[in-house]
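Next come the chains, spelled out residue by residue.
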Amino acid sequence: MSSSATAAQHLPRTEARSLSGHEGAVLAVRFNRDGNYCLSCGKDRTLRLWNPHTGAHVKTYKSHAREVRDVHSASDNAKLVSCGADRQIFYWDVASGRVIRKFRGHNSEVNSVKFNEYNAVVVSAGYDRTVRAFDCRSQSSDPIQTIDTFQDSVMSVNLTKTEIIAGSVDGTVRTFDIRMGRETVDNLGHPVNCVSLSNDGNCLLANCLDSTVRLVDKSSGELLQEYKGHACKSFKMDCCLTNDDAFVVGGSEDGYVFFWELVDAPVVARFRAHSSVVTSISYHPTKACMLTSSVDGSIRVWT
């Protein structure tokens, strides 16, 4: 048996528990930095903090006026940030549940939000074709930077120490080097609804609306591989790599989760995770454990 086939046997495919509480579609679920807790958000306008390893619901955060599209935890777990259809970005204190600040500037729904590594800056991506950056240390609610070179909605944003990387319905993944003030454009030719980074930082993974996940070399822009078999035509859905970068993971509109071997791209595992669209996938930073969420209103923990 090949080493990849052996490794595939240990992929998380057994449902450990379900996290219940959201009413309606769950649009995102995310592990925190150390993988001990997770955050979820959805159509019911709430954010929820969980211990996915025990199933305990820790806290609910309410302030958004419409559905919440994305949530991200600061690396010290003290703050979180969320965004949604009400055009606002909320900066929260985790322990008290208090909104510290509402960042404004987007003039349409906000799809994706991230802290930078030092938790000092929040970056968001929206339907208004912009990526905006906000300073958490300032008292201002207005953006400190706006990137408006996209031709269509920006669906996903990721950060490295020196870069902002965003994927758009215009078919591009754009990388902005903050220090150099330089923009690099990778045109994938199909609408991009999710961008994630490999754990070694060398590759970009893009989920495209032609039911294809594409792996791109981050420095050269070379298309390294394509992963197919799932259905992704009209929904925003996550893709990511396992924590060892050996497998690509993606959801499907029919409720399935797919695992592909990174290098040669065969489907090494697929299973029915939900009764409807798999909206998001979050892989544990250090072990074979995975979270999935769905339009069916459920969050599931897989080991």
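Residues numbered from 1 in each chain as written. Predicted model: local features only at pLDDT ≥ 70, side-chain atom pairs only at ≥ 80, totals over all residues. Heavy atoms only, no water.

The protein chain is annotated in an unreviewed UniProt entry as Mitogen-activated protein kinase organizer 1 from Urochloa decumbens. As its UniProt record puts it under Sequence similarities (unreviewed entry), the protein chain is described as follows: "Belongs to the WD repeat MORG1 family." (UniProt positions renumbered as here; feature names shortened; annotations may be inferred.)

Visitor: Please clarify how the pairing of strand S25 (residues 267–272) should be interpreted in this entry.
Guide: Sheet faces and side chains relate simply in a regular strand, where the side chains alternate between the two faces. Summarising the sheet, strand S24 (residues 256–261) and S25 pair through five bridges and their orientation is antiparallel. Bridge pairing in S25 links Phe-258 to Arg-270. The antiparallel pairing of S24 with S25 creates a hairpin that spans five residues between the two strands, and Ala-265 there sits at a positive phi of about 70°. (Pairing = 2+ DSSP bridges. Helix = DSSP H or I, 4+ residues; strand = E, 2+ residues; numbered from the N terminus.)

Visitor: Explanation requested: the side chain of Asp-245 in the structure shown.
Guide: Tracing the sequence through the fold places Asp-245 in the loop between strand S22 (239–241) and strand S23 (247–251). Although Asp-245 is buried, it forms no salt bridge, and the closest oppositely charged side chain is Lys-218 at an N-O distance of 13 Å. At 3.1 Å, the side chain of Asp-245 forms a polar contact with the backbone nitrogen of Asp-200. Ignoring any residue separated from it by four or fewer positions in sequence, one finds Asp-245 in contact with Ser-198, Asn-199, Asp-200 and Leu-262. (Buried < 20%, exposed > 50% of the residue type's maximum accessible area, 1.4 Å probe, protein only. Lys, Arg positive; Asp, Glu negative; His and termini not counted. Salt bridge = Lys/Arg side-chain N within 4 Å of Asp/Glu carboxyl O. Polar contact = N/O pair within 3.5 Å; in protein donor to acceptor, adjacent residues only side chain to side chain. Contact = heavy atoms within 4.5 Å.)

Visitor: What should I look at first to understand the layout of surface pockets in this one?
Guide: It is a probe the size of a water molecule, rolled over the atoms, that shows where empty space is left. By volume, the largest pocket amounts to about 1200 Å³. Lining of the largest pocket is provided by 39 residues; of these, His-72, Lys-114, Asn-158, Leu-197 and Asn-199 occupy positions nearest its centre. For the lining of the largest pocket, the elements supplying multiple residues, two or more each, are strand S2 (26–31), strand S6 (68–73), strand S10 (110–115), strand S14 (154–159), strand S18 (192–197), S22 and strand S26 (278–283). Split by residue class, the lining of the largest pocket holds twelve nonpolar, 19 polar and eight charged. Reported here for the second largest pocket is a volume of approximately 380 Å³. Looking at the lining of the second largest pocket residue by residue, the classes come out as eight nonpolar, four polar and six charged. (1 Å grid on protein atoms, 1.4 Å probe; cavity = no way out; pocket = protein on both sides within 12 Å on 5 of 7 lines; lining within 4 Å. Points joined across faces, edges and corners; volume = space filled by probe spheres on them. Nonpolar A, V, L, I, M, F, W, Y, C, P; charged D, E, K, R; others polar.)

Visitor: Explain the UniProt feature "repeat: WD" (unreviewed entry) in the protein chain here, please?
Guide: The sites that carry the UniProt feature "repeat: WD" (unreviewed entry) are, in the present numbering, residues 19–60, 61–102, 103–135 and 271–303. Between the first and last C-alpha atoms of residues 19–60 the distance is 13 Å; the span itself is 0% helix and 55% strand. Each end of residues 271–303 is marked by a C-alpha atom, and these two atoms are 13 Å apart; helix forms 0% of the span and strand 52%.

Visitor: How should the nonpolar core be read in this particular structure?
Guide: Generally speaking, a soluble globular protein has its nonpolar side chains buried in company with each other. Val-249, Val-257, Phe-259, Phe-271, Ile-281, Tyr-283 and Met-290 are the most contacted members of the largest nonpolar core, which has 15 residues in total. Counting only elements with at least two residues in this core, the list comes to S23, S24, S25 and S26. No other element matches S26, which puts three residues into this core. Residues Ala-133, Ile-147, Ile-164 and Phe-176 belong to the second largest nonpolar core, which totals 14 residues. (Core = buried A, V, L, I, M, F, W, Y, C linked by side-chain atoms within 4.5 Å.)

Visitor: What is the right way to look at the sheet that holds strand S16 (residues 172–177) in this model?
Guide: Sheets are built from strands that pair by backbone hydrogen bonding, the pairs being arranged parallel or antiparallel. Here four strands make up an open sheet; going across it, the order is S14-S15-S16-S17 and the pairing antiparallel. The open sheet has two edge strands with one neighbour each: S14 and strand S17 (182–187). Strand-to-strand, the axes of this sheet are offset by a mean angle of 20°, without reference to chain direction. Pairing geometry for strand S15 (residues 163–168) and S16, over five bridges, is antiparallel. Each bridged residue has a counterpart across the sheet, and for Ile-164 the counterpart in S16 is Phe-176. (Axes fitted to C-alpha atoms, helices over the stretch in contact; angles between N-to-C directions.)

Visitor: Would you mind going over the sheet that holds S25 with me for this structure?
Guide: Strand order in the open sheet formed by four strands is S22-S23-S24-S25, with antiparallel pairing between adjacent strands. Edge positions in the open sheet fall to S22 and S25, since each of these has one partner strand only. Across the sheet, the axes of successive neighbouring strands diverge by a mean angle of 15°, strand direction being ignored. Looking at chain direction, S22 and S23 are connected through three bridges and run antiparallel. When the sheet's bridge partners are listed, Cys-239 is paired in S23 with Gly-250.

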